[in-house]
Amino acid sequence: ASSKNNNHQFASFSNKKRTISPSKEQRSLLESTNVKYTKLRMNATQRPGVLKWSFLVIIVAVIIVFFNIGQEEIIDEAITAEDTEAKLNDKTYHLLRPKAKDQEDVASVVVDDKREKEEEQEEVVELNHEQKDNNESLTQTTQPAAADDSFDSSETKENEEETATAEDTTEEEATDETLEQSAPDVDEQETSQEEPAASSVVQSAPDEDEQEISQDVDGSFTIERLKATREAAQNLISMLEQYYNGVEQSKNMMLDSWLVPWNFDKQTNDTEMIDTDKIVMKDKIVDTMARALVTNDQKEFIIGTIGSSVAAGHDNCNFDSYERQMERTFGPVWEAAGMKLVCENAGEGGGCGDDFANQVFCIKQNVSPNIDIAHYTWTYFEVGNEHALEARESLVRWAQMLPRQPPVHVFNTFELPGKPHLPADTDAGGSLMEYTLARYYAKYGYNAFYMRSGYAKGGYDYTTAFKENEVNHFEANHVGDGYHTVTRYGENEEDPNRKSSLGVLMRNWHPGPLAFQFVADTFSYLYAKAMLEALDRIEEEMNNGKDPLDTWSAKKRKIMLKTSLPEPKVCDPLYCTVDEAPGCINYERPTYGWWGAKVEDPNDNFNPHKGEVQNWEPWLDGQEKDLWHGVPKQDQAFFEDRDDKEVCRHLDGCGAISATSKDNGSVVFRLPKQEVGLVVLCGCCGKDIATEMFLNNPDIEIRYNSQLLDPTTWDIWPNGKCVRLLKKFGAASAAAATTGHNYLSVKVQNITEPVRISHLITL
């Protein structure tokens, strides 16, 4: 267009207007700017200037497009904490985690500068005006801001589709496991690890125009949610510290009354004063909180309790148990995080004959295997039992083999071992080995809280009250604990009997509502402190331009093997040094987790006893029909005519699979994969039922893979209601290691008393 010949043509026709068809080069040029090229009417003398402006506009448009593309590159290393803080009021940082084809998470940081976009758009508008002045027929359609928005939108949509796909897959797998009703294999265990889908963590400025940008993407943990959670945790801590007369008294009562006191203060620089055990113990619980908060597909934080009638909350309304109180106290903090606190209470009364010895084997059926924290409250039954700490150490080690590797926290109603403070307390001796175990397993978050030591550390002079005033605050049905005379939720109660009931410290050996409130407050205070530190660490990652999932993704949690744990102190390494927690089928109530063994279909082709009579039936003790089981009279009187009386119902009860005559034939269990070869049957109901029901009963036959077992090789273990049929795999045992499922059958003949199996334990 700028050739000499064309210049001569322009000169010769300078005073005339004519229609000119565009050349091939011109059509190509105009197509590149999305302009329809039919015919252009223009003054011949103006054509060189117009084309020059066209070139200029195209060049500027290309520069703007490349500038915006550059703004969307991965620039983790370019963003510092100082940059983020300085630009917080101007920019929104999207920390996106799209799924790559190889399923690895790829972190990218897309910087959306609203101010720069506006300036760029103004430049484009100005150029358009200039171009329009030269030629109204030429238009500029390049929109960098729109292109940038399209990029963000498409990438977010891709993340949403991948998240939905991952969630659908997880739901299908969960459904399969539920239908199977059996303990998972190793592969299933790995599948059950929390596998977060593509996530988005958004940090936004408080500008109102940008609030929409900062909303959750696929339920992600945003900076707004972080701030809301922090505020809720701080409010809870402030409320409790005010309720317990200040920061120091609160720490003394709720953090120092553990085997290893908790410390959330800043660490000293004096290396001689650093307590490494306290640091790693705190880090474990902080890590537990952080992983739950940032894992997008985790909607519940689960605390699972196994224990006796203390855990069940007997002699109280279930509403007043410490688990239910903890849900109401600590739950709002998790609601602020967009999650729900769930306290699974698998506590049970002593009438079924159970204790810690057999129930620790059922950790992943009695409560969910996906618990975040495990609570243990079998301590009444530990008194005088030399095997108590063996079971407790086993539980600590097995818990680390669960998907979320929960720390184990013990609730003990007594005082710290060897440190009596209360003159009327005769059970403060305990075992000094408890301190050793607490420090030995501090790395895994293990610790034990002692309720009466917590009360004593608050400063109230129980000794003077007992000696001079003959007041024993821990006697049955005493109202008041020396600090308060009623629970917080009972302060405005108008019914005098209900209000008095809510002020009871100890019903008998069972705590009352006021003591349970202190227990719930203690756990809530500790966990809120840990959550605040977790939030600080998460925010630090965000401020550094990093996705917290890179640090705390559930799938990045290190897999624990038996070789990852230290040598056991007191538990039997044959059973407590394993790669999988034991399997258990438990017919008692309640249970929340996986079944280990399952009753095989009598007609299944793999059933080795197919064709034989297999007609055992489930049995329950009837407690599920009694609303007022374990509820004191004054609370029955208060709730009996109320619509909400169901809040008092306790969930526990005895159960079994039962045969009452030879017509019931056999029951055949398909066992889960076994690592050791252990097989244990427990009977119902009673503490010493196993000898009569199994060991010395001539009218039962028990077979393992169709091989008849010799009763003389059995022993009563681990307590009086259970019999150990097989100790381990080995040449001298009928338990031969196999590559398929093993089967256990129990057949009754001319029985005169029911045979009831409450548990089948395998390992």
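Cut-off values and rules
Residues numbered from 1 in each chain as written. Predicted model: local features only at pLDDT ≥ 70, side-chain atom pairs only at ≥ 80, totals over all residues. Heavy atoms only, no water. Helix = DSSP H or I, 4+ residues; strand = E, 2+ residues; numbered from the N terminus. Expected span 1.5 Å × (residues − 1). Buried < 20%, exposed > 50% of the residue type's maximum accessible area, 1.4 Å probe, protein only. Phe/Tyr/Trp six-rings, centres within 6.5 Å; stacked < 30°, edge-to-face > 60°. Lys NZ or Arg CZ within 6 Å of the ring centre and 35° of its normal. Pairing = 2+ DSSP bridges. Axes fitted to C-alpha atoms, helices over the stretch in contact; angles between N-to-C directions. Core = buried A, V, L, I, M, F, W, Y, C linked by side-chain atoms within 4.5 Å. Contact = heavy atoms within 4.5 Å.

### Focus on helix α8 (residues 223–243)
Moving on, step 1. Compared with the 30 Å implied by 1.5 Å per residue over 21 residues, the 30 Å span of α8 between its first and last C-alpha is a close match.
Moving on, step 2. Those residues of α8 lying buried are I223, L226, T229, R230, A232, A233, L236, I237, L240, E241 and Y243.
Moving on, step 3. At the exit of α8 stands N245, carrying a positive phi of roughly 65 degrees.

### A word on the packing of aromatic side chains
The way to describe two aromatic rings as a pair is by their centre distance and the angle between their planes.
Moving on, step 1. In this structure the tally under the stated criterion is 31 aromatic pairs.
Moving on, step 2. Ring geometry for Y440 versus Y441: centroids 5.0 Å apart, planes at 85 degrees, classification edge-to-face.
Moving on, step 3. By relative accessible area, Y440 is classed as partly exposed at 27%.
Moving on, step 4. Residue Y441 is classed as buried on the basis of its relative accessible area, which comes to 1%.
Moving on, step 5. Ring geometry for F638 versus F639: centroids 4.9 Å apart, planes at 90 degrees, classification edge-to-face.
Moving on, step 6. Note on F639: relative accessible area 4%, which makes it buried.
Moving on, step 7. The side chain of K569 reaches across the aromatic face of Y440, ending 4.6 Å from its centre.

### As for the sheet that holds strand β12 (residues 598–599)
Moving on, step 1. With antiparallel pairing, the five strands of this open sheet are ordered in space as β12-β15-β21-β17-β18. Lying at the two open borders of the sheet, with one neighbouring strand each, are β12 and β18 (707–708).
Moving on, step 2. Where strand β17 (residues 700–704) and β18 come together, two bridges link them in antiparallel fashion. Within β18, the residue paired with Y704 across the bridge is Q707.

### Here's the deal with the pairing of strand β11 (residues 583–586)
Moving on, step 1. Side-chain alternation along β11 places G583 and I585 on one buried face and C584 and N586 on a second face that is also buried.
Moving on, step 2. Of the strand pairs in this sheet, β11 and strand β22 (residues 755–762) are connected by four bridges, and their pairing is antiparallel. By the bridge assignment for β22, C584 is matched with I761.

### Let's talk about the pairing of β22
Moving on, step 1. Of all eight residues that make up β22, eight are buried, and the element is covered over most of its length.
Moving on, step 2. Both strand β14 (residues 655–659) and β22 contribute to a ladder of three bridges, which runs antiparallel. Bridge pairing links I657 to I757 in β22.
Moving on, step 3. Where strand β16 (residues 679–683) and β22 come together, five bridges link them in antiparallel fashion. Bridge assignment links V680 to a residue of β22, and that residue is I761.

### Remarks on the sheet that holds strand β9 (residues 408–412)
Neighbouring strands of a sheet are bound in pairs by backbone hydrogen bonds; such pairs are parallel or else antiparallel.
Moving on, step 1. Taking strand neighbours across the sheet as the criterion, the five strands line up as β7-β6-β8-β9-β10 in an open arrangement whose pairing is parallel. Lying at the two open borders of the sheet, with one neighbouring strand each, are β7 (340–347) and β10 (447–450). Across this sheet, the average inter-strand angle for adjacent strands is 20 degrees, counted without regard to direction.
Moving on, step 2. Direction of pairing for strand β6 (residues 300–307) relative to β7: parallel, over a ladder of eight bridges. Residue F301 lies in a different strand from β7, and its bridge partner there is L341.

### A closer look at the nonpolar core
Moving on, step 1. Residues M289, F330, W334 and Y455 are the most contacted members of the largest nonpolar core, which totals 117 residues.
Moving on, step 2. Ranked by residue count, the leading element in this core is helix α21 (residues 513–543), at 17 residues.
Moving on, step 3. Ignoring anything within four residues of it in the chain, the contact list for Y455 reads M253, Y462, F474, D481, Y483, L505, L514, A515 and F518.
Moving on, step 4. Formed by 31 residues, the second largest nonpolar core is a distinct cluster that contains W616, V667, V748 and V755.

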